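Per-entry structural report
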Amino acid sequence: MIGELISLILVFVPAIIFLIYKILKGEKATPSHYIWIFTFLFYICLVFFVTGLGTIWDIIDKGGLISSIQSAKINLIPFTSDGFFTYIMNIIMLMPLGFLLPYIWKNYRNIYKIAVIGFLFSFFIEVSQIPTNRAVDIDDLIMNTIGAVLGYTIWKGIGKVLFNKNEEKRTQDLSKIEPVIYIVSAFVLHFFYNWKWFI
């Protein structure tokens, strides 16, 4: 429970600092935009809970990067993983990313951007798992990317139904890279965070 709470703090605090900074500069968004930002952040937390990110301290405990790589369970051969269910779950896990990005931010209404972000998001999760006991699998990377693209496709298919006359105001971007700031800051803080500091 404490670990999950700390993870929420690591995801939400830098985002809140960014939002306060923007407000102090006089750059404000609509209340609904803030609600959707927090929805997006909570989704990021859920992904981190499920995947179990490794940290730089895990690498140190394993004796360094080389030792971590040597002892890691790494599969670089596509479509050799066991279990159809695992493929489906990895697709489903990143579908919300592909849906939320274009729904919340106008700058991400492009399938290529979604594919790249989905790939990089999954890639950093997989790399961070190298010093952990979890498997690092190229199939996860492929399925996650497909999931992000499918999420975008769903948004593209039903987006017009979800939009209303306030859509332009709701999607007022605070920065062209706003979601990237949230994702990167969450990854960085998780990577350098050490739970032993709080014992």
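Please read all numbers here as calculations on a predicted model, not as lab measurements. (Residues numbered from 1 in each chain as written. Predicted model: local features only at pLDDT ≥ 70, side-chain atom pairs only at ≥ 80, totals over all residues. Heavy atoms only, no water.)

1. Digging into the packing of helix α1 (residues 2-24) against helix α9 (residues 178-192)
Put simply, the test is: Note on definitions: angles span 0 to 180 degrees between N-to-C directions of axes, and those axes are lines fitted to C-alpha atoms, for helices only across the stretch in contact. Per the convention used, a helix needs a DSSP run of H or I reaching at least four residues, while a strand needs a run of E reaching at least two, with both numbered from the N terminus. What sets the label is the angle itself: under 35 degrees gives roughly parallel, over 145 gives roughly antiparallel, 65 to 115 gives roughly perpendicular, and the rest give oblique. Handedness of a helix crossing follows the sense of rotation of the near helix relative to the far helix, less than a right angle counterclockwise being left-handed and clockwise being right-handed. Here, residues are in contact when the closest pair of their heavy atoms is within 4.5 Å. Nonpolar residues are Ala, Val, Leu, Ile, Met, Phe, Trp, Tyr, Cys and Pro. Charged residues are Asp, Glu, Lys and Arg, and all others, Gly as well, are polar.
In the contact formed by α1 and α9, the axes pass within 9 Å of each other and the chain directions differ by 140°. Relative to α9, the element α1 is oriented oblique. Judged by the sense of rotation from one axis to the other, the crossing of α1 with α9 is right-handed. Residue-level contacts link Ser7, Leu10, Val11, Pro14, Ala15, Phe18 and Leu19 of α1 to Glu178, Ile181, Tyr182, Ser185, Ala186, Leu189 and His190 of α9. A per-class count over the contact of α1 with α9 returns 10 nonpolar, three polar and one charged.

2. As for a nonpolar patch on the surface
Our working rule: Only residues whose relative accessible area exceeds 30% and that form no salt bridge enter a patch; like-charged residues are grouped when within 9 Å of one another, and nonpolar side chains (Val, Leu, Ile, Met, Phe, Trp, Tyr) when within 5 Å. Note that accessible areas follow from Shrake-Rupley with a 1.4 Å probe, and for residues the cover is restricted to the protein chains shown. Within this document, salt bridges are pairs made up of a side-chain nitrogen of Lys or Arg and a carboxyl oxygen of Asp or Glu, the two lying within 4 Å of each other. Exposure categories follow from relative accessible area, calculated using a 1.4 Å probe and restricted to protein chains: below 20% of the type maximum is buried, above 50% is exposed, and the middle band is partly exposed.
Side chains of Val116, Phe119, Leu120, Phe123, Phe124 and Val127 sit close together on the surface and give an oily, nonpolar patch of about 500 Å² of accessible area. Inspection of the secondary structure puts Phe119 in helix α6 (residues 111-128). Residue Phe119 is classed as partly exposed on the basis of its relative accessible area of 37%.

3. Focus: the nonpolar core
Put simply, the test is: Remark: nonpolar core denotes a set of buried residues (Ala, Val, Leu, Ile, Met, Phe, Trp, Tyr, Cys) joined through side-chain atoms within 4.5 Å.
Grouped together as the largest cluster of nonpolar side chains are 38 residues, with contacts concentrated most on Phe40, Ile44, Leu97, Phe121 and Tyr182. Sorting the residues of this core by element identifies α1, α2 (31-51), α5 (84-104), α6, α7 (138-162) and α9 as the ones contributing at least two each. Apart from residues lying up to four places away in sequence, Leu97 is in contact with Phe40, Tyr43, Pro102, Ile117, Gly118, Phe121 and Ile183.

4. Considering the pattern of salt bridges
Under the defined criterion, the tally for this structure stands at two salt bridges. With a shortest N-O distance of 3.1 Å, Glu27 and Lys22 are connected by a salt bridge. Accessibility expressed as a relative area gives 27% for Glu27, which makes it partly exposed. Between Lys25 and Glu27 there is a salt bridge whose closest N-O contact spans 3.5 Å. Several salt bridges converge on common partners, so that one network encompasses Lys22, Lys25 and Glu27.

5. A few points about the packing of aromatic side chains
For clarity, the threshold we go by: Ring geometry is summarised as follows: Phe, Tyr and Trp rings, the Trp one being its six-membered ring, pair when their centres sit within 6.5 Å, and such pairs are stacked at plane angles under 30 degrees, edge-to-face over 60 and tilted between the two.
Using the criterion set out here, one finds 14 aromatic pairs in the structure. With centroids separated by 6.3 Å and ring planes inclined at 50°, the aromatic side chains of Trp105 and Tyr182 adopt a geometry described as tilted. Remark: Tyr182 occurs in helix α9 and Trp105 occurs in the loop between α5 and α6; sequence separation between them is 77 residues. Side by side, Trp105 and Tyr182 carry an identical accessibility label, which is buried. Ring centres 5.1 Å apart and planes at 85° place the aromatic pair Phe191 and Phe192 in the edge-to-face group. We classify Phe191 as partly exposed; its relative accessible area is 28%. Assessed through its relative accessible area of 43%, Phe192 is described here as partly exposed.

6. Brief notes about the side chain of Ser81
Quick reminder of the rule: A 3.5 Å cut-off defines polar contacts: any pair of N or O atoms within that distance qualifies, except that in protein one atom must be a possible hydrogen donor and the other a possible acceptor, and neighbouring residues in sequence count only when both atoms are side-chain atoms.
Its location among the elements puts Ser81 in the loop between β1 (74-75) and α5. Judged by its relative accessible area of 19%, Ser81 falls in the buried class. In terms of polar contacts, Ser81 uses its side chain to reach the side chain of Asp137, at 2.4 Å. The contact partners of Ser81, leaving out residues within four places of it in the chain, are Asn75, Tyr87, Asp137 and Asp139.

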